[in-house]
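Each chain, letter by letter, is given below.
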Amino acid sequence: MKYLYRIYQLCVAVPLTIIATIITSLTVVVGCSLGNGHFWGYEPGKWWARFILWVFLIPVKVSGRENLKKGESYVFVSNHQGAFDIFLIYGYLCRNFKWMMKRSLRKIPFVGYACEKSHQIFVDKSGPRKVKETYDKARAILRDGISLVVFPEGARSFTGHMGTFRRGAFMLADELQLPIVPLTINGSFNIMPRMRDWKWVCWHPMTLTIHAPIYAKEQGAEDIKERMDESYRVIMADLVPEYQGFVENPDQ
């Protein structure tokens, strides 16, 4: 069965993914150029992500959507197990949002330019001024009623376990007094961990758990730490036993 799945990937899934990615990227670029970047920056990407999971025959289960209120902005924070996290969140969170992503992703053909045109937030750490510009852009987007998705580990896991969380997303939520929503992803590390980038996809079910929002009790450093620790605890508790427990990532 493993080899049949690999033949299917090579002959069907990969070619269709490449075609869908190019078409979606061009659609986003043209749509955002014409106007309404919030719509064109989200809807085509959502269906592109669902299509990729569908074409790779990956079953998806989502729970917890009832925890979200219509019309409310959130800062979503998630563990980062692998590349397929992107497709799972984009396709199945069902919430208009912007990504906070590494600047290096701008170099991906078609996708990087589409992300720029749709005003996704590239994190530029080349200097204090660039970092400030990154967070100024994030503030403006959140004040406009759109949510934000962040991987606070800053990088994909090498082990499937969570590393440490960085404070940036939690400081932003504190400044704007926005609720933080933890997301737990299971299954992505089994499909394609970062040690196997650009190799065969392994079939495995994926789950996305949307936890209850964590609202600010007050404002300041103490509340930031409290909400960061609570988010970490909630995400960790919902991981499958195999990947529970802290393991330091070497690039954090």
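Everything discussed here concerns the structure shown above.
Each chain carries its own residue numbering, running from 1 in the written order of its sequence. Given that the model is predicted, a residue must reach a pLDDT of at least 70 before its local features are reported, and side-chain atom pairs must reach 80 or more before they are shown or counted; all residues, however, enter totals for whole chains, interfaces and linings. With hydrogens and water excluded, all non-hydrogen atoms of the structure serve as input to the side-chain values.

**Student:** Would you take a moment to explain the overall build of the protein chain for this structure?
**Tutor:** For helices the rule is a DSSP run of H or I covering at least 4 residues; for strands it is a run of E covering at least 2, with both sets numbered from the N terminus onward. Within the protein chain, the secondary structure is distributed over nine helices and seven strands. Two things to know: the radius of gyration comes from C-alpha atoms, and the globule rule equals 2.2 Å times the number of residues to the power 0.38. For the protein chain, whose C-alpha radius of gyration is 18 Å, the value lies close to the compact-globule estimate of 18 Å for 252 residues. The C-alpha extent of the protein chain, read off along each of the three principal axes, is 55 × 50 × 40 Å. Per-residue and other accessible areas follow the Shrake-Rupley method at a 1.4 Å probe size, with only the shown protein chains counted as cover for residues. As presented, the protein chain carries roughly 12500 Å² of accessible surface, and 63% of it is formed by carbon and sulfur atoms.

**Student:** Would you take a moment to explain the packing of aromatic side chains for this structure?
**Tutor:** Centre-to-centre distance and the angle between the planes together describe a pair of aromatic rings. Any two of the Phe, Tyr and Trp rings considered here, Trp counted by its six-membered ring, make a pair once their centres fall within 6.5 Å; the pair's planes then place it as stacked at under 30 degrees, edge-to-face at over 60, or tilted in between. This structure, assessed with the given rule, holds 17 aromatic pairs. Ring plane angle 90° and centroid distance 5.0 Å describe the contact between Phe 39 and Trp 40, whose orientation is recorded as edge-to-face. Partly exposed describes any residue whose relative accessible area lies between the buried limit of under 20% and the exposed limit of over 50%, with all areas from a 1.4 Å probe on protein chains only and scaled to the type maximum. Taking the relative accessible area as the measure of exposure, Phe 39 reaches 38% and is therefore partly exposed. The rings of Tyr 42, Trp 48, Phe 56, Phe 84, Phe 87, Tyr 90, Phe 97, Trp 99 and Phe 151 are connected pair by pair, giving a single aromatic cluster. Whether a charge lies above a ring is judged from NZ of Lys or CZ of Arg, which has to be within 6 Å of the ring centre and within 35 degrees of the ring normal. The ring of Trp 47 carries Arg 50 above its face, with NZ or CZ at 4.9 Å from the centroid. The ring of Tyr 92 is capped by Arg 50, whose NZ or CZ atom sits 4.8 Å from the centre of that ring.

**Student:** Please clarify how the packing of helix α1 (residues 2-34) against helix α3 (residues 43-55) should be interpreted in this entry.
**Tutor:** For any two helices packed against each other, one specifies the inter-axial angle together with the distance between the axes. Axes here refer to lines fitted to C-alpha atoms; in helices the fit is confined to the stretch in contact. Angles between the N-to-C directions go from 0 to 180 degrees. At their nearest, the axes of α1 and α3 sit 10 Å apart, and the two run at 180° to each other. In terms of orientation, α1 and α3 fall into the roughly antiparallel class. For the pair formed by α1 and α3, the contact residues are Tyr 8, Ala 13, Leu 16, Thr 17, Ala 20, Thr 21, Thr 24, Thr 27 and Val 28 on the first element and Pro 44, Gly 45, Trp 48, Phe 51, Ile 52 and Val 55 on the second. Looking at the contact of α1 with α3 residue by residue, the classes come out as 10 nonpolar, five polar and no charged. Working definition: roughly parallel below 35 degrees, roughly antiparallel above 145 degrees, roughly perpendicular at 65 to 115 degrees, and oblique for all remaining angles. Whether two residues touch is decided by their heavy atoms; if any such pair falls within 4.5 Å, the residues are in contact. Residue classes follow a fixed rule: Ala, Val, Leu, Ile, Met, Phe, Trp, Tyr, Cys and Pro count as nonpolar, while Asp, Glu, Lys and Arg count as charged, and any other residue, Gly among them, counts as polar.

**Student:** Got a minute to help me understand the sheet that holds strand β7 (residues 206-210) in this structure?
**Tutor:** Picture the strands of a sheet paired through backbone hydrogen bonds; they go either parallel or antiparallel. When DSSP finds two or more bridges between a pair of strands, those strands are recorded as paired. Taken in spatial order, the seven strands of this open sheet run β1-β7-β6-β2-β5-β3-β4, and their pairing is mixed. Edge positions in the sheet fall to β1 (60-63) and β4 (121-123), since each of these pairs with one other strand and no more. Here the average twist between neighbouring strands, direction ignored, is 20°. Pairing of strand β2 (residues 75-78) with strand β5 (residues 147-150) involves three bridges; the strand directions are parallel.

**Student:** Just checking my understanding: could you explain unusual backbone geometry for this structure?
**Tutor:** When glycine is set aside, most residues are seen to have a negative phi, and most peptide bonds are trans. Of note in the backbone geometry, Leu 57 takes a positive phi value of approximately 65° without being a glycine. With respect to the element layout, Leu 57 can be found in the loop between α3 and β1. In this structure, Cys 94 takes a positive phi of about 60° despite not being glycine. In this fold, Cys 94 is placed in the loop between α4 (84-92) and β3 (97-102). Judged by relative accessible area, Cys 94 falls into the partly exposed class, the value being 37%.

**Student:** Got a minute to help me understand α4 in this structure?
**Tutor:** Note that an α-helix has 3.6 residues per turn; residues three or four places apart therefore point the same way. Of all nine residues that make up α4, eight are buried, and the element is covered over most of its length. Every buried residue of α4 is listed here: Phe 84, Asp 85, Phe 87, Leu 88, Ile 89, Tyr 90, Gly 91 and Tyr 92.

**Student:** Help me out: how do you make sense of the environment of Asn 249 in this one?
**Tutor:** Mapping Asn 249 onto the fold places it in the segment after α9 (221-237). Judged by its relative accessible area of 0%, Asn 249 is buried. On a C-alpha basis, the gap between Asn 249 and Pro 59 in space is 28 Å, while along the polypeptide they are 190 residues apart. Every residue in contact with Asn 249, bar those within four places of it in the chain, is listed here: Glu 153, Ala 155, Arg 156, Ser 157, Phe 158 and Gly 163.

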